[in-house]
Structures are given as structure tokens and as C-alpha cells.
Amino acid sequence: MRRLPPLTAIEAFVQVARLGSVKAAAEELALSSPALSRRVQALERFIGKQLFERRHQAMKLNAEGERLLGLIAPALDSMSDAIEGMTSGVELLRLRLGTPALFATQRLLPHLGALRAMHPQLHLDIDTGGHGMSRLGDGLDAAIVLARDIDTLLYGRRLDRNRIRLVGARHLVEGPNAITRPEQLDGMTVMVHRDMADSFEIWRDALGLQIEPVAIDLFDSGSLLLEAAAQGVGIAFMLDSHVIRRDDPRIATLFEPVVKSPYSYWFVCRPRALEQRPVKLFHDWMIGTIELED
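**Q** Summarise the overall build of the chain; cite the residues concerned and give the values.
**A** Each helix and strand counted, the chain has 9 helices and 13 strands in total. Taken along its principal axes, the extent of the C-alpha atoms in the chain is 80 × 50 × 30 Å. Here the chain holds 294 residues, and the buried ones make up 45% of them. The long-range fraction of contacts in the chain, counting pairs at least 24 apart against all pairs at least 6 apart in sequence, stands at 75%. In the chain, the 35 positive side-chain charges and the 38 negative ones have mean positions that sit 5 Å from each other.

**Q** Can you explain the nonpolar core? Please cite residues and give values.
**A** Side chains that are nonpolar tend, in soluble globular proteins, to be buried together. In this structure, Leu95, Phe103, Leu122, Leu159, Phe282 and Met286 are the most contacted members of the largest nonpolar core, which totals 26 residues. Elements represented by at least two residues in this core include exactly β3 (93-98), α5 (101-108), β4 (122-127), β5 (142-147), β13 (264-269) and α9 (277-293). Core analysis: the next-biggest nonpolar cluster, separate from the first, contains 22 residues, Val22, Ala25, Leu43 and Phe52 among them.

**Q** Give me the sheet that holds β13: which residues, what numbers.
**A** An order of β4-β3-β5-β13-β6 is seen for the 5 strands of this open sheet, with the pairing classed as mixed. Pairing within the sheet leaves two strands with one partner each, and these edge strands are β4 and β6 (155-158). The sheet shows a mean angle of 25° between the axes of neighbouring strands, taken without regard to direction. As defined by bridge partners, β3 adjoins β5 across 2 bridges and the pair is classed as parallel. Paired with Gly98 across the bridge in β5 is Ala143.

What counts and how
- Residues numbered from 1 in each chain as written.
- Predicted model: local features only at pLDDT ≥ 70, side-chain atom pairs only at ≥ 80, totals over all residues.
- Heavy atoms only, no water.
- Helix = DSSP H or I, 4+ residues; strand = E, 2+ residues; numbered from the N terminus.
- Buried < 20%, exposed > 50% of the residue type's maximum accessible area, 1.4 Å probe, protein only.
- Contact = heavy atoms within 4.5 Å.
- Lys, Arg positive; Asp, Glu negative; His and termini not counted.
- Charge placed at Lys NZ, Arg CZ, Asp CG, Glu CD.
- Core = buried A, V, L, I, M, F, W, Y, C linked by side-chain atoms within 4.5 Å.
- Pairing = 2+ DSSP bridges.
- Axes fitted to C-alpha atoms, helices over the stretch in contact; angles between N-to-C directions.

In short, the description is geometric, and any link to function would need to be established separately.
Here it is, written out as C-alpha cells:
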């Protein structure tokens, strides 16, 4: 039997390749950054070639790294399928789904009862940890992500189209000092989701405004973004598909959403994953459900 590098070194290489960052990969594997770097270096010594272009805050695959990832990715998928087949019960189908927490709360969980009634054998492991696209095939079977577009190497199905919705504390839109004109946002704090980081600029430029916020704060959770808006921390730039409860006394929409957003929710997976029954069942159910909602 030919000698192989440690699987832990291969795992470290794949995670850094997909996430582009030693820090992010180390967090994903519950390792320190130095420990993960040593594993990558061990693989490079084993192969006898550098696999990454090392930059200050990032690591990018070089040509040799791209070649290696392309060669081992199918084998890793086959290993995952084999382990899944050995550990899954005959009657139980399990889907490892990545999804933003706000989407799960507002648009997925309310329908899971219907999904269970339609496919009682299908069970979901829901992961809200982020980096959905980069973790496909490596911890996730499929993911729901916020994005402008999808990598052409992946299967992607757009779930909605949106306009930009501004959300703030209710006292900002009611009373004698209410914000009634976009120009009044000049000098205020703007809050955006990290996956839609340029939403404010898109909205401002579409309306032809000459305003500047005091700061643009980034959040990696839509739920926290809504809560921060409710607490009066700033004005949240969200999507009109995000549910803003009219009976919530703390929060309200500012102006009518009129500017189209380039961002959408997408269902994504590797193309071959659609051949797996759990992914196929969930995909078909979700597309039907979202179309009914729209």
C-alpha cells in the first residue's frame, strides 16, 4: 500500500483552500492557527511543493494547489458518501443544511411541519455557522445563502428577488421628530449584513442622494441586525423579504422599499449532490414552498 499523508493534513489543506484564511479554517476545525499552519506545511513537505500563495491575511491556492484540490475533491466526496451510507439507517434520510439564522426562523421553521408530513423519513441537521458555499461537501450537503450570484461550479436556485428595506426603532418614524425623508439619514449610523455589505451605497446611489453615515456597522446575523435596529443602535438595511412584524412596538420600516437589491437568497449545493435523495426531496419541497409564498 502506498504511503499517504495524514488525513488531518489533507483536511487542513481543504479547509484553508475553501475558506481562504488560516484563521477561519482553524476556527472551523477547532484548532489554533499555528497548529493548522503546521498541518498545511506538513502536507507541502510530503508533496514537495508549495500549494498556496501566502498573503498578510489570506492564503490563495497557487496552480499546484488548484491541481491538487481538483484531483482529491472527487475522492473526498466519495468518502463522505460511503461514510454517510454506512452510518445512515435504511428508513432515515438526513440532510445537513446550512442556512442564515433569520431565514431559518422566518421562512423555514414555520413550514417544517408540512415537510415532515410530506416526507416523514427526512430529518434536517440545521447549521447556522456561516460560510455555507465554502463548506458544501465538507460538513454540509446543501445551503441557503445570501449572495449576488453563485459560483458556476455549483448548482444554484434563486429563491426570491428583493428590494432594499430600511428598518429602525419605531420612535424614529413616529412623533414630532420622525424621519420622513431619506436626507435625514445623513450623519446617522447605518447597519448592514456582512453578506450584503454595499447595500447602503446601492440604495443611496440609486436615489441620487448626497448623504454620508457617521459609520457603517457590519453584522453577520440578520437576527442581531433586527434586534440592534429595535434597540435604536442605527438604521438597518435589509431585504423586503425579511418579515418585520407590524405589531412589534419597537420596530418599523422607514419609507417604502423602492430600490432593487442585487442580493437574493439562493439554494446551493454541488451538482452531484442533487442525485442524493435527501437533497433532492428537500430541494423540490423548498422550491414549491417558496413559489407558493411569492
